[in-house]
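# Architecture and fold: a report
Residues per chain, in single letters:
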Amino acid sequence: MTDPFSSEGAKAPPKPFTATEGRREIRSFVLRQGRFTPAQQRAFDDAWPRFGLDYAGTPRDFDATFGRSAPRIVEIGFGNGAALRHSVRMDPARDHIGIEVHAPGVGRLLNALAEDGNDNVRVYHHDAVEVLEHEIADGMLDEIRIYFPDPWHKKRHNKRRLVKPAFAALLVRKLAADGRLHLATDWADYAEQMWDVLDATPGLRNRAGPRGHVPRPPWRPQTHFETRGQKLGHGVWDLIYDRDPG
Ligand SMILES: C[S@@+](CC[C@H](N)C(=O)[O-])C[C@H]1O[C@@H](n2cnc3c(N)ncnc32)[C@H](O)[C@@H]1O
């Protein structure tokens, strides 16, 4: 099968990413001038009205969005959405909010969600930091997931990494009193940074003890970036932090 998001017939995305550019100095992503295919356009046209959430910059009533009040999971930077789709299917009792800036990945997931037809998922095509800051009320999330965040492994790019003290404090604010944070990375020095930052963040307790990690849990399937990391000879570190009211 051809990749629907690869090249031909490219057009401009119907819903371009509309972050308030320049507001934050350093972002965790650089938007590439990608190409947009008819299949991707169709995904946005057909499935966005059902699964998409337009960023408005004000607190959202998620009970109204989902038509129920259930525990909620946010996945930040879901890539092509394989892990999110897996969780949506295996965890129908919880609602899922995926956030991703890369349009081809969003399109790919929208197509998959339309195929599956589950209703416990919604998607933002926007910067997760802004969504968390402005659309998600404090204490609302049962779980936050960040799988294989961009490693920005060159020293001069390290500053773009998502997991930094201010971002960690934002995550803590959004978690419910019994919530948890799950991260995975295949970069040893990013795992070190995660421990440096998160083990020291008030309100979080590393489930595996200081600088500890856990085996990959069943709700996280092995996805593209992990497989690529393994081919490069990288290890994998899953880190789970429980919200610790202190
Ligand atoms: C290395 S990929 C990993 C994708 C996926 N989690 C996986 O494991 O296959 C990191 C993803 O995070 C997204 N990303 C980076 N910063 C983001 C942000 N601030 N908000 C939303 N998505 C972001 C990137 O566009 C990219 O798709």
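Residues numbered from 1 in each chain as written. Predicted model: local features only at pLDDT ≥ 70, side-chain atom pairs only at ≥ 80, totals over all residues. Heavy atoms only, no water.

Taken as a whole and judged by the stated rule, the model has two aromatic pairs. Pairing F44 with W48 gives two aromatic rings, centres 5.7 Å apart and planes at 20°, and the pair type is stacked. Of this pair, F44 and W48 both sit in helix α1 (residues 38–51), separated by four residues, roughly a single helical turn. Residue class for F44 comes out buried when judged on its relative accessible area of 2%. Note on F62 and F66: the rings are 6.5 Å apart at their centroids and 25° apart in plane angle, and the pair reads as stacked. On the criterion of helical spacing, the pair formed by F62 and F66 is a turn pair, its members being four residues apart in helix α2 (residues 62–66). The buried category is assigned to F66, whose relative accessible area is 8%. (Phe/Tyr/Trp six-rings, centres within 6.5 Å; stacked < 30°, edge-to-face > 60°. Helix = DSSP H or I, 4+ residues; strand = E, 2+ residues; numbered from the N terminus. Buried < 20%, exposed > 50% of the residue type's maximum accessible area, 1.4 Å probe, protein only.)

Now for the pairing of strand β5 (residues 141–147). Counting buried positions along β5 yields seven of seven residues, so the element is predominantly enclosed. Bridging between strand β2 (residues 72–76) and β5 involves four bridges; their strand directions are parallel. Counterpart to I76 in the pairing with β5 is I146. When β5 meets strand β6 (residues 175–185), the two strands line up parallel, connected through six bridges. Pairing of Y147 across the sheet is with A184, part of β6. Handedness of the crossover joining β5 and β6 through helix α6 (residues 165–174) is recorded here as right-handed. (Pairing = 2+ DSSP bridges. Right-handed = clockwise from strand over helix to strand, strands pointing away.)

Moving on, we come to the nonpolar core. Among the nonpolar cores identified, the biggest contains 37 residues, and I76, I146, F167, L181, L183 and L198 are the most heavily contacted of them. Among the elements that take part in this core, helix α7 (residues 188–198) stands out by supplying six residues, more than any other. Apart from residues lying up to four places away in sequence, L198 is in contact with V163, A168, L181, L183, L204 and Y241. The next biggest cluster of nonpolar side chains, apart from the first, holds 16 residues, and it includes W48, A103, L109 and L110. (Core = buried A, V, L, I, M, F, W, Y, C linked by side-chain atoms within 4.5 Å. Contact = heavy atoms within 4.5 Å.)

What follows deals with the site of the ligand. Taken together, 17 residues sit near the ligand, with S28, G77, E100, A128 and Y147 positioned nearest. Taking S28, its side chain carries an N or O atom lying 2.7 Å from a nitrogen atom of the ligand. Measuring from a nitrogen atom of the ligand, one finds a side-chain N or O atom of D127 at 2.9 Å. Looking at the shell around the ligand, its residues break down into eight nonpolar, six polar and three charged. (Near = heavy atom within 4 Å. Polar contact = N/O pair within 3.5 Å; in protein donor to acceptor, adjacent residues only side chain to side chain. Nonpolar A, V, L, I, M, F, W, Y, C, P; charged D, E, K, R; others polar.)

A positive phi is found at F148, a non-glycine position, where the angle reads about 55°. Topologically, F148 is positioned in the loop between β5 and α6. The class for F148 is buried, based on a relative accessible area of 9%. The backbone phi angle of W152 is positive, close to 40°, even though this residue is not glycine. Among the secondary structure elements, W152 is positioned in the loop between β5 and α6.

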